[in-house]
Every structure is written in structure tokens, then in C-alpha cells.
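# A closer look at the structure
Spelled out from the first residue to the last, the chains are:
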Amino acid sequence: MSLRIALLGLLTTSGPSSGYDLAKRFESSINHAWQARHSQIYPELNKMAADGLVTVEEEGPRGRKTYTIAAEGRRELREWLLEGTPSRSIRSEGALRAFLLPTLEPHEAAARLRAEAEVYTARLAELEALKAAKASWKRPGFGEHALELGIRQTRVVRDWAEETAAEIERAAGDPPGGE
């Protein structure tokens, strides 16, 4: 359901778009919060057209279709945003690894956490670069709240990994950073 909602949101903010254009916009925006491959987007657009949520505004060369959101699609997006309760269940490989860290030797666990902190540091830099570039966004405001949420979550996880690695090293009597 969320891919459908994401595509309805993109069509609402972007206006009429081809499947290719939507996939590119998805990749550079919503994909930071909800992942989908091109191979998932095109069949979903076809289902959405069959369900009356979008219409095919025009068909071009090589089967290129331009989609526009229909009134029923606007209604469904609005209903989902206002009336639905998002899933709060978490299925995180990172959290599972954190749970199982005590099965490793302390130096292994700390090294793993430090490597994760580096990944999150790089991710944070990417997100902060997106935020710095927001002045060039075609639709000011679109995605800003999600971007800020992503920055904060990434910063928290990075800090947690660094602090937990240091805590494990202290408890094991190792110098911080495995030095």
C-alpha cells in the first residue's frame, strides 16, 4: 500500500509525469524513506490506473505513458494521511545485531559498532548535503520534514554506535577505538 501512496504523493506534488520520471523522482526523494525499484513502480502504476486512482493522460513513443492523479487518487491519499495509523512495528536488522552483540568478543563488537558509526556518519553527510541543496528544490517544503527526521534518526544511531563501542571497550578494559 505504501508504494501506491508514495506514487500518489509524487503525482500530487509533481503533476503529470511518466513512469520513468516518477521512478527518477522517487529515487532522489522518497527512496530515502521508502525503497522501491523501477520494476515495482511500473506495475503499480498500471494497477493504480485500473483502480481509477490515476489516469493515463497521454501515450507517447515506445509505450511511454504520462500519468495524472485522478479525484479518487487524491481522496485515497488524503484519507491515508488523515485517517490511517501508520505501522509502528519495527523490523530492523541493525536492532537485531545490537541485540546479539554480546555473543561476540568485546573487541569484535566494538569494531562492528565503530564500522556502523562510520556508515551512519557518511549517510548523515549525504542527508545534510540534500538539506543544503533544498533551495534548488522545485517544490519547497516537499520532503523537508522527512529529511529532518532522517537526519535526526541517523545522528542518533551514529551517536549510539560510537557511545556503545566506547562502553564495551571500557567494560573490557580496552582503550577507546581499539588503540
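Below is a short write-up of the structure. (Residues numbered from 1 in each chain as written. Predicted model: local features only at pLDDT ≥ 70, side-chain atom pairs only at ≥ 80, totals over all residues. Heavy atoms only, no water.)

## A short note on the nonpolar core
Of all hydrophobic cores here, the largest spans 20 residues; its most connected members are Leu 7, Leu 8, Phe 26, Ile 41, Leu 45 and Met 48. If you list the elements that add at least two residues to this core, you get helix H1 (2–14), helix H2 (19–28), helix H3 (38–50) and strand S3 (65–69). At 7 residues, H1 tops the list of elements feeding residues into this core. When near neighbours in sequence (up to four residues on either side) are disregarded, Leu 45 contacts Leu 7, Gly 19, Leu 22, Val 54 and Tyr 67. (Core = buried A, V, L, I, M, F, W, Y, C linked by side-chain atoms within 4.5 Å. Buried < 20%, exposed > 50% of the residue type's maximum accessible area, 1.4 Å probe, protein only. Helix = DSSP H or I, 4+ residues; strand = E, 2+ residues; numbered from the N terminus. Contact = heavy atoms within 4.5 Å.)

## Comments concerning a nonpolar patch on the surface
Together, Trp 80, Leu 81 and Leu 82 give the surface a local cluster of nonpolar side chains, amounting to about 340 Å² of exposed area. Residue position: Trp 80 is located in helix H4 (residues 71–83). What makes Trp 80 partly exposed here is its relative accessible area of 36%. (Patch = residues over 30% accessible without salt bridge, like charges linked within 9 Å, V, L, I, M, F, W, Y side chains within 5 Å. Areas by Shrake-Rupley, 256 points an atom, 1.4 Å probe, with all protein chains shown as cover. Salt bridge = Lys/Arg side-chain N within 4 Å of Asp/Glu carboxyl O.)

## Structural notes on the environment of Leu 124
Position of Leu 124 among the secondary structure elements: in helix H6 (residues 106–132). Residue class for Leu 124 comes out buried when judged on its relative accessible area of 4%. Once the C-alpha coordinates of Leu 124 and Ile 30 are considered, the two residues, 94 residues apart in sequence, prove to be 16 Å apart.

## Observations concerning the pattern of salt bridges
Under the defined criterion, the tally for this structure stands at 14 salt bridges. Notably, a salt bridge pairs Lys 24 with Glu 27, separated by 4.0 Å at the nearest N-O pair. With a gap of 3 residues between them, Lys 24 and Glu 27 both fall in helix H2, about one helical turn apart. Among the residues examined, Glu 27 registers a relative accessible area of 40% and is labelled partly exposed. With its nearest N and O atoms 2.9 Å apart, the salt bridge here joins Glu 128 to Arg 155.

## With respect to the packing of H1 against H3
Between H1 and H3, the shortest axis-to-axis distance is 10 Å and the interhelical angle comes to 80°. Considered as vectors, H1 and H3 are oriented roughly perpendicular to each other. Contacts between H1 and H3 pair Leu 3, Arg 4, Leu 7 and Leu 8 from the former with Gln 40, Ile 41, Glu 44, Leu 45, Lys 47 and Met 48 from the latter. Of the residues that constitute the contact of H1 with H3, the class distribution is 6 nonpolar, 1 polar and 3 charged. (Axes fitted to C-alpha atoms, helices over the stretch in contact; angles between N-to-C directions. Parallel < 35°, antiparallel > 145°, perpendicular 65-115°, else oblique. Nonpolar A, V, L, I, M, F, W, Y, C, P; charged D, E, K, R; others polar.)

## Some words on the sheet that holds strand S1 (residues 17–18)
Strand order in the open sheet formed by 3 strands is S1-S3-S2, with antiparallel pairing between adjacent strands. Pairing within the sheet leaves two strands with one partner each, and these edge strands are S1 and strand S2 (54–59). For S1 and S3, the ladder comprises 2 bridges, and the chain directions are antiparallel. Residue pairing for S3: Ser 17 is matched across the bridge by Tyr 67. (Pairing = 2+ DSSP bridges.)

## Topic: the environment of Ser 17
When you line up the elements, Ser 17 lands in strand S1. Each C-alpha atom of the pair Ser 17 and Ile 69 lies 9.6 Å from the other, and the pair is 52 residues apart in sequence. Excluding residues that lie within four positions of it along the chain, Ser 17 makes contacts with Leu 11, Leu 22, Arg 25, Lys 65, Thr 66 and Tyr 67. One polar contact links the side chain of Ser 17 to the main-chain carbonyl oxygen of Gly 15, over a distance of 2.9 Å. Side-chain polar atoms of Ser 17 contact the side chain of Arg 25, separated by 2.7 Å. (Polar contact = N/O pair within 3.5 Å; in protein donor to acceptor, adjacent residues only side chain to side chain.)

## Concerning H1
The end-to-end C-alpha separation of H1 is 18 Å, in line with the 18 Å expected for 13 residues at 1.5 Å each. Here H1 has its buried residues at Leu 3, Arg 4, Ile 5, Ala 6, Leu 7, Leu 8, Gly 9, Leu 10 and Leu 11. Buried residues along H1 sit in contact with S1, H2, H3, S2, S3 and H4. A positive phi of about 85° marks Gly 15, the residue just after H1. (Expected span 1.5 Å × (residues − 1).)

The quantities given are spatial measurements derived from coordinates; they are silent on function.
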